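# Commentary on secondary and tertiary structure
Okay, here's what each chain looks like letter by letter:
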Amino acid sequence: MTNTLDQIFVLLKHWIMGLFPVGLQPIVGIVLSVVAILAVFPGLFAFSVLMERKGLGRMQNRIGPNRVGPFGILQPVADGIKALIKEDVVPYNADHIVHFFAPIVLVVVVFMGYAVLPMGRNMTFVPMDAGLLFYFAMGASAELSVFMAGWSSRNKYSLLGAMRAVAQMISYEIPLLMTSVIIVMMTGSLSLDKIVEAQNHYTWGLPHWYVFTPMGFAAFVMFAIAATAETNRSPFDLPEGESEIVAGYFTEYSGFKFAEFFLGEYVAMLSISGLGATLFLGGWSAPLEALNFIPSWIWFFAKIMLAICGFIWLRGTFPRLRQDQLMNFAWKFVLPMTLIDLVVTGLWRFLGEGWLRWAVCSAILLAAYLITARMGMRSKKLGPRSYRYAE
Amino acid sequence: MLGEGLLKGLAETAKNFAGSFVSKERLITVQYPEERHPLPEASRNFPFLVYDGADWEAGLRCVACQICEKECPPKCIYIEKSKDKKPDYVGKMQIYPARFDIDISVCMSCQICVEVCPFEAIKMDTEFELATDDRFGGLLQDRKQLAKSNEYYHAIHPTEASEVDARLAEEKAKVEEKARAAAAAAAAKAAAPAAPAAPAATPSPAAPKEGEGSQPQ
Amino acid sequence: MIVFAILAALTVAGSLAAVLLRNTVHCALALTGAFIGLALLFLRLDAQFAGFAQILVYVGAVAILVVFAILLTRGSETPATGVFSRTWFAGLVVAAGVFAVLAWTVLHSAVALPHEFAAPQVSVAQIGNALMGRYVLPLEIVAVLLTAAMIGAVIVAMHEKPGKYEKKEAN
């Protein structure tokens, strides 16, 4: 029974595939998976938008949307209808073709990333040998669509937003890749299925997740920072800082194209949460051995939503960074820490089993953090700063 | 230490988040159409016409003197005088407004009409939900819409309304006093058949209670 | 075969557009299209690592770099005249020469190699082993070269000390 529930989507897919002639079955299988992804994640997008608006409201001692439907749960529907029936305005001077393709490229590329995420036991759409590489290839392509949107709009705010976005995404992609390399080093594989498999063991009922190792934890923190920056989320939301450059690269988008950007942003957030969960939080594996009876896909989606809550919490708390603070943080704190972490991971593998490697690796990482942070604070690059006119 | 402030901030928002579910004082939002703040007594936006008693048409204090119409800076008031007369609050026969329109799309809420009115007939209202989908007819209020009872006036501006009432009562008492004096004088005159011109010589404009129409302007 | 034809057409069209279009940003985007076509060709040959690395490096980094360079150097203004320079003929000759050499090499090496019909299954692990084992020296040399290039770029971009200019002006 537990097994059936765990595999219910796989079984359902195979049952539907069985209804078709043998020649058509592979195509039907692909279409089913694509449809499932295209149905589930926009749904989660709608839900997380609502959650974000309500959660942010609560953090600011407001109530949040509560007018449309009971407790405002139909708010995303209302927003969607509004976006659909709005006029699509394209600036007269815009580069129409590029302007048209930018949101499409973004949404396509963002959805491609889901192809390799293991969403449950046997629930990877394309179990790929180089899955992680594929994911990052798709993530890197998203930058191009951002640039296309900003440049084609012929609007200085759009262009500024695009330049900021691209600079930021390139800067934070390096730590993002490096932290993943740490996991790859520990697993010895680029395949996301194998990474989850490697974490799906238990000692005394506790899981072997990578976040519970010293360098895994450090990598997780760095990954979370880089992922927040990569998805242009607050406090790294300079590319769309409303108070500075209207809406950044999608200033000149309205109606459904705007909705596409919105969708792309949230779906990318969900997808990078999924990647983070896969790399550090054991993907679809249960947090306790005793909880293994709960279907694996529930764990995966629970972890994603937990990560989204984290994103919302960060957004509700931190003010936006300035461009130089952003760059200093990326190159002078996150990247050095990640590199040290990489070395520590190598050390971990060489030290062999036992408590010694725990102590050594934790000590090195802690010392590295203390030194980097102390130096950063002293150099006024990362620490609190004094303002000449604001104080 | 780097990151210390970040954790402090996160704790603060978490406290807010959890607190907003527990304590009602944290949620300061007033959910407007259902709940509303009581308006401060000094709030005012558009004028209305005060009437006494139960019947708005009979009790209207306005005597169509047209001072407000003339003083109104944006000229949003339109008054037509009546042909006949009706008794005012002291019982004197006065003309009344056959039409009294205020275009609230033009009105700038300056309150000059209230200040110039000698009859305490026009006052400032607190009603603000005046949005309408008919931007010409809907924003032009006629005298029926403008007429609000004195009790309503008391409800929205209690101190001011009681002051006005006291003033009016004083005036009425004065008038009645005078009338009584005049009646007494008339009686005295009637007793002594000489000196016929005494009632007309009283200087006050609202002197004779049963007088033949003094000029309101 | 049809897939190959489509991908080849995409790649060739992208490259041609990159050369022939007037707007430099359009050229860069067309070049990206060509890169993607190339990556898909790699994937068609079951070379996952090469294909994804192609997208990651060329689409994700090189294309962005090109675009950045265009935007930061005032090259994004569309030239009023055609894109052909006056010496286009010489360029054509050079390109044809390079193509001829490459084609000749490829054809001859194909003859020299034994005919393999089944593509060899190369996993990422094998590529990694080869890079870290047999080809470690070239890899390290490339790394040193890139590091040198990066240091050079940093030095070029580094702020001049404010004192320097003043001294020069004083002299």
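Note that the structure is a prediction, hence the values are computed from the model and not measured. (Residues numbered from 1 in each chain as written. Chains lettered and ligands numbered in written order. Predicted model: local features only at pLDDT ≥ 70, side-chain atom pairs only at ≥ 80, totals over all residues. Heavy atoms only, no water.)

## Things to note about helix H1 (residues 2–20) of chain C
Helix length check: H1 of chain C (19 residues) gives 26 Å between terminal C-alpha atoms against 27 Å at 1.5 Å per residue, within 8%. Buried residues along H1 of chain C sit in contact with helix H2 (24–44) of chain C. (Helix = DSSP H or I, 4+ residues; strand = E, 2+ residues; numbered from the N terminus. Expected span 1.5 Å × (residues − 1). Contact = heavy atoms within 4.5 Å.)

## Concerning the nonpolar core
Ranked by internal contacts, the top residues of the largest apolar core, which has 125 residues, are Phe 41, Tyr 114, Met 119, Tyr 172, Leu 270, Leu 275 and Leu 279 of chain A. No other element matches helix H6 (residues 131–152) of chain A, which puts 15 residues into this core. Apart from residues no more than four positions distant in its own chain, Leu 279 of chain A is found in contact with Leu 132, Ser 180, Ile 183, Leu 192, Ile 195, Gln 199, Tyr 210 and Phe 223 of chain A. Cys 65, Cys 68, Cys 72 and Val 114 of chain B belong to the second-largest nonpolar core, a separate cluster that totals 29 residues. (Core = buried A, V, L, I, M, F, W, Y, C linked by side-chain atoms within 4.5 Å. Buried < 20%, exposed > 50% of the residue type's maximum accessible area, 1.4 Å probe, protein only.)

## Quick word on the interface of chain C and chain A
Taken together, the contacts link 21 residues of chain C with 24 residues of chain A. Summed over both partners, the interface of chain C with chain A buries about 2000 Å², with 83% contributed by carbon and sulfur atoms. The largest share of the area that chain C buries against chain A comes from Phe 52, Leu 56 and Ile 64 of chain C, three residues that together contribute 28% of it. Our enumeration of links across chain C and chain A arrives at zero salt bridges. Applying the counting rule to chain C against chain A returns one residue pair in polar contact (both at pLDDT 80 or more). Listed by contribution, the elements that provide at least two residues to the side of chain C that touches chain A are H2 and helix H3 (48–72) of chain C. The element that contributes the greatest number of residues to the side of chain C that touches chain A is H3 of chain C, accounting for 14 residues. Here the residues of the side of chain C that touches chain A sort into 15 nonpolar, six polar and no charged. (Buried area = accessible area lost by both parts, 1.4 Å probe. Salt bridge = Lys/Arg side-chain N within 4 Å of Asp/Glu carboxyl O. Polar contact = N/O pair within 3.5 Å; in protein donor to acceptor, adjacent residues only side chain to side chain. Nonpolar A, V, L, I, M, F, W, Y, C, P; charged D, E, K, R; others polar.)

## Structural notes on the environment of Phe 35 of chain C
Relative to the assigned elements, Phe 35 of chain C resides in helix H2. What Phe 35 of chain C contacts, discounting residues up to four positions off in sequence, is Gln 54, Tyr 58, Val 59 and Val 62 of chain C.

## Quick notes on the pairing of strand S1 (residues 47–51) of chain B
Every regular strand shows the same layout, with side chains that alternate between the two sheet faces. All names here are of chain B. With respect to burial, S1 is a largely interior element, five of its five residues being buried. Where S1 lies against strand S4 (residues 122–124), three bridges are found, and the strand directions are antiparallel. Looking at the pairing, Leu 49 lines up with Ile 122 of S4. Pairing between S1 and strand S6 (residues 147–149): three bridges, direction parallel. The residue of S6 that forms the bridge with Leu 49 is Ala 147. (Pairing = 2+ DSSP bridges.)

## Observations regarding the domain arrangement of chain A
Residues and elements named next belong to chain A. Considered domain by domain, chain A is made up of domain 1 (1–35) and domain 2 (73–378). Using only C-alpha atoms to locate each centre, domain 1 and domain 2 end up separated by 30 Å. The interface of domain 1 with domain 2 comprises 10 residues on the first partner and eight residues on the second. Interface area for domain 1 against domain 2, summed over the two sides, is near 780 Å², with a carbon-plus-sulfur share of 65%. Here domain 1 is connected to domain 2 by zero salt bridges. There are zero residue pairs in polar contact (both at pLDDT 80 or more) connecting domain 1 and domain 2. Looking at the side of domain 1 that touches domain 2, the elements that each hand over two or more residues are helix H1 (2–6), helix H2 (8–18) and helix H3 (25–59). In terms of residue class, the side of domain 1 that touches domain 2 is made up of six nonpolar, three polar and one charged. (Domains from an automatic or database assignment.)

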